[in-house]
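# Breakdown of the fold
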Amino acid sequence: MSDVSSIVHDITPRSGESIVLPAEAVEGLSAPQIDIMKSTVAAVQTNLAIAGAALRSTCYEMHTLKGVIPNRSWTKFINSGALPFSAKAAQDMCNSWLWLKDTGLTDGDLINLS
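First, a word on what this report is: a plain description of the structure on this page.

### Some points on the nonpolar core
The biggest cluster of nonpolar side chains holds 7 residues, and these are L55, C59, M93, W97, L100, L110 and I111. The set of elements that each furnish at least two residues to this core consists of α2 (31-68), α4 (87-100) and α5 (107-113). The element best represented in this core is α4, accounting for 3 residues. Setting aside residues up to four positions removed in sequence, L100 forms contacts with R56, C59 and L110. One finds I78, L83, A90 and C94 within the second-largest nonpolar core, a separate group that totals 6 residues.

### Considering the packing of α2 against α4
When two helices pack together, their arrangement is captured by the angle between the axes and the distance separating the axes. In contact at an axis separation of 7 Å, α2 and α4 are set at 100° when each is read in the N-to-C sense. The angle between α2 and α4 places the two elements in the roughly perpendicular class. Residue-level contacts link L55, R56, T58, C59, Y60, M62, H63 and K66 of α2 to A90, Q91, M93, C94, N95, S96, W97, L98 and L100 of α4. A breakdown of the residues in the contact of α2 with α4 according to their chemical character gives 10 nonpolar, 5 polar and 2 charged.

### Examining the packing of α2 against helix α3 (residues 71-78)
Between α2 and α3, the shortest axis-to-axis distance is 8 Å and the interhelical angle comes to 140°. Taken together, the axes of α2 and α3 are oblique relative to one another. Here M62, L65 and K66 of α2 lie close against α3, whose contacting residues are N71, W74, F77 and I78. Its residues assigned to classes, the contact of α2 with α3 shows 5 nonpolar, 1 polar and 1 charged.

### Comments concerning α4
With 14 residues, α4 should cover 20 Å at 1.5 Å per step; its first-to-last C-alpha distance of 19 Å lies within 8% of that length. Those residues of α4 lying buried are A90, M93, C94, W97 and L100.

### Regarding the packing of aromatic side chains
By convention here, two paired aromatic rings are described through the distance between centres and the angle between planes. Under the definition given, this model contains 2 aromatic pairs. Pairing Y60 with W97 gives two aromatic rings, centres 5.3 Å apart and planes at 70°, and the pair type is edge-to-face. Within this pair, whereas Y60 is found in helix α2, its partner W97 is found in helix α4, the two being separated by 37 residues in sequence. In this structure Y60 comes out as partly exposed when scored by relative accessible area, which is 27%. An angle of 40° between the planes, with centres 6.3 Å apart, marks the rings of W74 and F77 as tilted. Here W74 and its partner F77 are both found in helix α3, 3 residues apart, which amounts to about one turn of the helix. Classification of F77 by relative accessible area gives partly exposed; the value is 25%.

The rules behind the values
- Throughout, residues of each chain are indexed from 1 in the direction in which the sequence is written.
- Reporting of local features is limited, given that this is a predicted model, to residues whose pLDDT is at least 70; pairs of side-chain atoms are given and counted only at 80 or more, and all residues count toward the totals for whole chains, interfaces and linings.
- For the side-chain quantities, the full set of heavy atoms in the structure was used; hydrogens and water were omitted.
- Buried residues of nine kinds, namely Ala, Val, Leu, Ile, Met, Phe, Trp, Tyr and Cys, make up a nonpolar core once their side-chain atoms join them within 4.5 Å.
- Think of it in three bands: residues with accessible area under 20% of the maximum for their type are buried, residues over 50% are exposed, and the middle band is partly exposed, with areas taken using a 1.4 Å probe on protein chains only.
- Comment: elements are numbered from the N terminus, with helices defined as DSSP H or I runs of at least four residues and strands as E runs of at least two.
- We call two residues in contact whenever any of their non-hydrogen atoms come within 4.5 Å of each other.
- Between N-to-C directions, angles span 0 to 180 degrees; the directions come from axes that are lines fitted to C-alpha atoms, helices contributing only their stretch in contact.
- Each angle receives one of four descriptions, namely roughly parallel if under 35 degrees, roughly antiparallel if over 145, roughly perpendicular if within 65 to 115, and oblique otherwise.
- Residues are sorted three ways: Asp, Glu, Lys and Arg are charged, Ala, Val, Leu, Ile, Met, Phe, Trp, Tyr, Cys and Pro are nonpolar, and all the rest, Gly among them, are polar.
- To estimate the expected span of a helix, subtract one from its residue number and multiply by 1.5 Å.
- Classification of ring pairs rests on two measures: the distance between centres of Phe, Tyr or Trp rings, Trp counted by its six-membered ring, which must be within 6.5 Å, and the angle between planes, read as stacked under 30 degrees, edge-to-face over 60 and tilted in between.

Structural data, given as structure tokens:
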């Protein structure tokens with residue numbers, strides 16, 4: 001597991017108490033319903049950050065592997081069915097690492113790009 005994977009362990013779950021909802025979203029709702037809505041928004045935000053961190057880590061891992069095996073082996077590997085996504089997706093993730101490692105995108109932003 002890469003150092004990038006440890007980022008997931010550093011993600012602090014959001015609290016529903018920190019969520020501010022638009023007035024139109026909560027109009028006519030009871031306090032318990034609003035609390036559940038806030039908790040849901042907080043959970044979704046946390047989950048997207050975790051998913052983004054996982055995607056970032058996957059891009060790093062794919063790039064690292066490609067750097068240590070010959071091109072012919074790389075092509076065989078990504079076409080082998082060993083990965084849970086297409087060869088094109090593997091290539092895209094690998095290539096995106098060079099851009100992704102220096103971008104200021106948060107993990108939550110990253111998952112919204114995919």
